[in-house]
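Each chain is listed here by its residues.
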Amino acid sequence: MADDTPAQDSKLTITKRKWADEGKFLTGRHARPETDRLPPGQHLVKNWPVLDLGQQPSVSTSQWKLDVRGFVNNPVTLDWSAFQALPQTNMLSDIHCVTTWSRYDNNWKGVSTRDFLDFVDPMNEAVSVMLTSYDGYTTNLLLSDFSSPDAIIVTDWEGKPLSEEHGGPVRLVVPHLYFWKSAKWLKRIDFNGLDHAGFWEKNGYHMRGDPWAEERYSED
Ligand SMILES: Nc1nc2c(c(=O)[nH]1)N[C@H]1C(S)=C(S)[C@@H](COP(=O)(O)O)O[C@H]1N2
Ligand SMILES: [Mo]
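Note on numbering: residues in each chain are counted from 1, in written sequence order. For naming, the first written chain is A and the first written ligand is 1, with later ones following in the order written. The predicted nature of this model means local features are confined to residues of pLDDT at least 70 and side-chain atom pairs, given and counted, to a pLDDT of 80 or more, with totals for whole chains, interfaces and linings taken over all residues. Side-chain metrics rest on all non-hydrogen atoms present in the structure, leaving aside hydrogens and water.

S.K.: It is not clear to me how the site of ligand 1 should be interpreted in this structure. Could you clarify?
M.R.: Nearness here has a simple test: a residue counts as near a molecule or strand if at least one of its heavy atoms is within 4 Å of that partner. Near ligand 1, the surroundings consist of 20 residues, among which Pro 49, Asp 135, His 166, Arg 171 and Lys 184 are the closest. Here an oxygen atom of ligand 1 sits 2.7 Å away from a polar atom, N or O, in the main chain of Pro 49. Polar contact is the term for a pair of N or O atoms within 3.5 Å; when the atoms are in protein, one must be able to donate a hydrogen and the other to accept it, and sequence-neighboring residues count only if both atoms are side-chain atoms. Contacts to ligand 1 include His 166, whose side-chain N or O atom sits 2.7 Å from an oxygen atom. Calculation on ligand 1 without its partners gives an accessible area of 530 Å², and the protein chains cover 97% of this total. Each accessible area is a Shrake-Rupley result for a 1.4 Å probe, and residues are judged covered by the shown protein chains and nothing else.

Laid out in structure tokens, this is it:
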């Protein structure tokens, strides 16, 4: 009886089934099974809430600069036109804020962190990045998270320049982590040898912030 059934448990079958479950080789919105799309403890919103420390800096594209320092072979200061000259990418992704709202299908345009990393060329010593913003906000990310294929340094949302309240002219979007990691009004990126804590990470929040693992708060 078992003779004419396909080899359900062969190594290749198991591996391929695992890939199918994980959505391997797919990118963007369908990478996760639809049933697993909303992380635990989150609820869906249709609007886009504004959250920050209450100071929204006004930075025009002509004033805006991004300093890249630390363990990189190309420690640049990019102005708006230098940033626009980098490869431009569109991505669709979901937002998960630690305050429990999630928002699906945000259409971003900007420079993927992969293309950005190709340009600034991190050294082997770099394990983490610290992002610093024009409002004084900081947040830290492991380089392995910053370099995720769906992470993007954005200038546009839904075909329009990113509004000031949402971090324009330039913010980061790292959709696989809680949204506090996605620094608005991006000003500086330091490539560090150690993973130092940023603003919320020093104030009780988790160093990594994976929504599917509910890494909301630090252990102590
Ligand atoms: N520069 C800066 N970036 C920031 C913050 C901030 O206070 N300052 N707040 C973070 C938090 S806690 C969240 S939830 C998101 C909110 O982004 P939004 O206002 O576009 O929804 O921005 C993150 N990035
Ligand atoms: Mo947040």
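S.K.: Which parts of the structure should I look at to understand the sheet that holds strand S6 (residues 128-133)?
M.R.: By way of backbone hydrogen bonds, the strands of a sheet pair with one another, either parallel or antiparallel. Here we have five strands laid out as an open sheet, ordered S3-S2-S11-S6-S7, and mixed in their pairing. Because the sheet does not close on itself, it has two edges, and the strands there are strand S3 (77-79) and strand S7 (138-142). Looking at each pair of strands side by side, their axes are set apart by 15 degrees on average, direction ignored. Two strands form a pair only when DSSP identifies at least two bridges running between them. A helix here means a DSSP run of H or I that spans at least four residues, while a strand means a run of E at least two residues long, and both kinds are numbered starting from the N terminus. Examined bridge by bridge, strand S2 (residues 65-70) and strand S11 (residues 186-192) share four bridges and lie parallel to one another. In the strand pairing of S11, Gly 70 is matched with Phe 191. Seen against the sheet, helix H3 (residues 113-120) touches S2, S3 and S11 and runs at an angle of roughly 65 degrees to S11. Note on geometry: axes are C-alpha line fits, over the in-contact stretch for helices, and angles between N-to-C directions span 0 to 180 degrees. Residues count as neighbours in contact if any of their non-hydrogen atoms are within 4.5 Å of one another.

S.K.: Explain the nonpolar core to me, please; I cannot follow it from the model alone.
M.R.: The nonpolar side chains of a soluble globular protein tend to be buried, and buried together. Side-chain atoms within 4.5 Å link the members of a nonpolar core, which is a set of buried Ala, Val, Leu, Ile, Met, Phe, Trp, Tyr and Cys residues. The rule is simple: take the accessible area with a 1.4 Å probe, protein chains only, and divide by the maximum for that residue type; under 20% is buried, over 50% is exposed, in between is partly exposed. Phe 116, Leu 131, Phe 146, Ile 189 and Phe 191 are the most contacted members of the largest nonpolar core, which has 29 residues in total. Here Phe 116 is in contact with Leu 66, Val 68, Leu 78, Leu 86, Val 111, Phe 146, Ile 153, Ile 189 and Phe 191, once residues within four sequence places are set aside. Counting residues in each nonpolar core, the second largest holds twelve residues, with Trp 48, Ile 95, Cys 97 and Trp 101 among its members.

S.K.: Help me out: how do you make sense of the packing of aromatic side chains in this one?
M.R.: When we look at a pair of aromatic rings, we describe it by the centre distance and by the angle of the planes. Only centres within 6.5 Å qualify two rings of Phe, Tyr or Trp (six-membered ring in Trp) as a pair; their planes then separate them into stacked at under 30 degrees, edge-to-face at over 60, and tilted for everything else. For the structure shown, the criterion picks out 13 aromatic pairs. The interplanar angle of 45 degrees and the centroid separation of 4.9 Å between the aromatic rings of Trp 48 and Trp 157 together place this pair among those described as tilted. Of this pair, Trp 48 sits in the loop between strand S1 (43-44) and S2 while Trp 157 sits in strand S8 (residues 152-157); the two residues are 109 residues apart in sequence, bridging distant segments of the chain. Linked through ring pairs, Tyr 137, Tyr 178, Trp 180, Phe 199, Trp 200, Tyr 205 and Tyr 217 together constitute an aromatic cluster. In this structure, Arg 37 packs its charged tip against the face of Tyr 104, placed 3.9 Å from the ring centre. The criterion for a charge sitting over a ring is simple: Lys NZ or Arg CZ within 6 Å of the ring centre, and within 35 degrees of the ring normal. Taking NZ or CZ as reference, Lys 187 lies 5.6 Å from the ring centre of Tyr 134, over its face.

S.K.: Where do I start with H3 in this structure?
M.R.: In an α-helix, one turn spans 3.6 residues, which is why side chains three or four residues apart end up on the same side. Within H3, burial applies to Thr 113, Phe 116, Leu 117 and Val 120. One face of H3 carries all of its buried residues, which in axial projection span an arc of 100 degrees. Directions are taken from the helix axis to each C-beta atom, and the arc is the one they span.

S.K.: What exactly am I supposed to notice about the environment of Gly 136 here?
M.R.: Tracing the backbone shows Gly 136 in the loop between S6 and S7. By relative accessible area, Gly 136 is classed as exposed at 52%. Remark: the alpha-carbon pair of Gly 136 and Leu 53, spanning 83 residues in sequence, is separated by 9.4 Å.

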